[in-house]
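Survey of secondary and tertiary structure
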Number of protein chains: 2
Amino acid sequence: MDKPKLFTVGPVWVHPDVLKEMSHQMFSHRGKDYMDLHIEVIKKLKKFMQTGDDIYLSTSSSTGIMEASVRNCVEKNVLNLICGAFGTRFSEVCTSNGRIAKKVEVPWGKANTAEKLDEALAKSDAEAVTVVHNETSTGVMNPLKEIASVVKKYDVLFLVDVVSSMGGTEIDVDGLGIDVCFFGTQKCMGVPPGLTVVSVSEKALEKAKEIKDRGYYFDFWVMKKYSEKNNTPVTPPIPQMFALSKALDLMFEEGLDNRFKRHKKVAERVREGIKDLGFGVFPDEKYASPTLTCIDTKGVDPKSILQPMKEKGFTLASGYGKIKDQTFRIGNMGWITLEDVNELLENLEDVMKRIQ
Amino acid sequence: MDKPKLFTVGPVWVHPDVLKEMSHQMFSHRGKDYMDLHIEVIKKLKKFMQTGDDIYLSTSSSTGIMEASVRNCVEKNVLNLICGAFGTRFSEVCTSNGRIAKKVEVPWGKANTAEKLDEALAKSDAEAVTVVHNETSTGVMNPLKEIASVVKKYDVLFLVDVVSSMGGTEIDVDGLGIDVCFFGTQKCMGVPPGLTVVSVSEKALEKAKEIKDRGYYFDFWVMKKYSEKNNTPVTPPIPQMFALSKALDLMFEEGLDNRFKRHKKVAERVREGIKDLGFGVFPDEKYASPTLTCIDTKGVDPKSILQPMKEKGFTLASGYGKIKDQTFRIGNMGWITLEDVNELLENLEDVMKRIQ
């Protein structure tokens, strides 16, 4: 396989069989050809996401559905769990839509905890809790199961961004009681960007009914109406749907368990390898993500590492936001294997020798 | 060229050279590869749209930017010109976002007129006027130049949906004084769906500043901030950007004037041909669109025509909304030639002989 040395955190390297699906000739999205594709994709997604909830396809990036979750499920008050840049973005989306957002924040590199959430909810009138499962800026994977147990104690909706975890670790949407669960196709799903998938519970739909200014584009009820006719309210990104359908086939072929184990093992190898090179793991290792690693360079300028790596043909991800100058990131989303990261680590060792 | 007989009204047939561009291997949207592509696409779009205004790329369908135009440019009152289903949708988008929408409506098949708009604006406190340039449901192209002259007399913003006209007829964005001008890639541009382009004037940006709950996803100021760094706030549909870049090259090669003349001539041929077959042109012919034709079947069940045509390999578009049972549509967006429609009309004649 023509496999570039791409260790980005999304968009990621796309499998050639998936890429091939991007260049189907087009057809009308109101005809039978489209509906057949729609039915097929939704069927596979239900199995993959382990949910009986409605699944809608959105012509948007994940941030669009982040906004949808707020406009449909929060009339006034919301509680945001934050442990990095994307948690902050979720909160920004709430306030820019006129909602009152209460932040429960931990320092970057730490995980959000069930205990802090419990304390906050006990004295809150929030209608919903938002959480970013896997914080791509810090490489933290939040303990979703523990957080979900706390959420279940309260009468609140549970809005979960699984953008950089879905497809890289098990997420039992119904078991966890997630009301709105969304992800783009360009991370662990290994599909080009442009399509976002969201599951929406009955409870979330009921709540949406109470909210008047849901808008049109991101209104779950508009999506539901068309979804019942195996269609979408607006023109969908048909190429990405073909590609997603193929990617799901490949995932089922690999076996979901195998896929999740592979991600875990590969990320462990990355952490081990970078520590051997004298770097640190930026986040609390107890919550280190299985889909990407955020590396503390221990004072070395990240650019002095990423540039020579790029010259060797390896693309890594730079740090994000306020830790940009002290970290870089290695993604292992999608199809990255142990062999791939071993090759990467050898080259990284070589670069470090030349720098020091 | 492997050219299917697709006379849809979007998504339309995609040129093989454009389709090929859909399957580039991915890369991060925060790196140099992406920025080079972004700069290239924006440069071509500025030339193509004849505008000095900012141009933003949105990961959404056109309806998303329809909503953006309302959220950024209307605080309270808006005036909607309506002559069909998409004009009605624009109004729905306004009201579902809590705006007070005053409709200036004409019967389906008629065009919106400058006179009626003038009357309405004289006694209105609207902050913006919305219009759908080319109404895909009825095959009417509104007289944009006349409408624009009236809009210029008032202190209002001009929000124009050119979804099914841009690329099929000349639209001088700056000359017409359009403040927000938007279109998806899947119609006359002949690119797969998933990307929307919007130009935004200084005046529209200034107005947006006054509006508090613009949200995040469709906030023009967020788009502007990233656009200045040759980037997008959220992950863009990179494959559609490659395809659009190629499609623009092909358009410049054909020559924009030639392209617009071809659309006009082909639509004239369609109207002539269907009248020869005993059908009618649904809209007022004075305003018949150069990019699609809505056909009055004169009592014949449209399904009895579309199905046998489909069996012959020709996909036409069914009627839309309340005229579904009395019309069908023939699109000639993108790369359709006189030869293509002549072949279509011959086959249509054959089908009609068999029906009667």
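Our subject in this report is the structure included herewith. (Residues numbered from 1 in each chain as written. Chains lettered and ligands numbered in written order. Predicted model: local features only at pLDDT ≥ 70, side-chain atom pairs only at ≥ 80, totals over all residues. Heavy atoms only, no water.)

1. What about the overall build of chain A?
Definition in use: Think of it this way: any DSSP run of H or I at least four residues long counts as a helix, any run of E at least two long counts as a strand, and we number them from the N terminus. Burial here depends on accessible area, computed with a 1.4 Å probe over protein chains only, as a share of the maximum for the residue type. Under 20% is buried, over 50% is exposed, and the range in between is partly exposed. Note on contacts: a residue pair qualifies if any of its non-hydrogen atoms lie within 4.5 Å across the two residues. Calculation of accessible area relied on Shrake-Rupley with a 1.4 Å probe; when residues are assessed, cover is drawn exclusively from the protein chains displayed. Positive charges are assigned to Lys and Arg, negative charges to Asp and Glu, while His and the chain termini are left out of the count. Charge coordinates come from a single atom per side chain, which is NZ of Lys, CZ of Arg, CG of Asp or CD of Glu.
Counting its regular elements, chain A contains 13 helices and 14 strands. Summarising its shape, the C-alpha atoms of chain A cover approximately 60 × 55 × 30 Å along the three principal directions. By the burial criterion, 66% of the 356 residues in chain A qualify as buried. For chain A, long-range pairs separated by at least 24 residues make up 72% of all intrachain contacts whose partners lie at least 6 apart in sequence. Looking at chain A as shown, the accessible area adds up to about 12900 Å², and 49% of this sits on carbon and sulfur atoms. Positive and negative side-chain charges of chain A, numbering 49 and 50 respectively, have mean locations separated by a distance of 2 Å.

2. Thoughts on the pairing of strand β5 (residues 128–132) of chain A
Residue and element names in this part refer to chain A. Worth spelling out the cut-off: Paired strands, as defined in this entry, are two strands with at least two bridges between them according to DSSP.
Counting buried positions over the five residues of β5 gives five, a clear majority of the element. Of the two faces of β5, the one lined by Ala128, Thr130 and Val132 and the one lined by Val129 and Val131 are each fully buried. Where β5 lies against strand β8 (residues 157–161), five bridges are found, and the strand directions are parallel. Paired with Ala128 across the two strands is Leu157, which belongs to β8.

3. Concerning the packing of aromatic side chains
Geometrically, a pair of aromatic rings is defined through the distance of the ring centres and the angle of the planes. Rules: In this scheme Phe, Tyr and Trp rings, the latter by its six-membered ring, pair at centre separations within 6.5 Å, and the angle between planes marks the pair as stacked below 30 degrees, edge-to-face above 60, and tilted otherwise. As a reminder, the over-ring test applies to NZ of lysine and CZ of arginine, requiring each to be within 6 Å of the ring centre and within 35 degrees of the ring normal.
All told, the structure shown has 17 aromatic pairs over all chains when counted by the stated rule. Residues A:Tyr217 and B:Phe218 carry aromatic rings whose centres are separated by 5.6 Å and whose planes lie at 75° to one another, so their mutual orientation is edge-to-face. Of this pair, A:Tyr217 sits in the loop between α8 (202–210) and α9 (220–227) while B:Phe218 sits in the loop between α8 (202–210) and α9 (220–227), each in a different chain. Judged by its relative accessible area of 6%, A:Tyr217 falls in the buried class. Residues B:Phe86 and B:Tyr320 carry aromatic rings whose centres are separated by 5.1 Å and whose planes lie at 40° to one another, so their mutual orientation is tilted. Of this pair, B:Phe86 sits in helix α4 (residues 85–96) while B:Tyr320 sits in the loop between β13 (314–318) and β14 (327–331), and the two are 234 residues apart along the sequence. Overall, B:Tyr320 belongs to the partly exposed group, its relative accessible area being 23%. Aromatic ring contacts, followed pair by pair, group A:Tyr217, A:Phe218, B:Tyr217 and B:Phe218 into a single cluster. Across from the ring centre of B:Trp335, 4.6 Å away, lies the NZ or CZ of B:Arg259, which sits over that ring.

The analysis is restricted to geometry; functional conclusions fall outside its scope.
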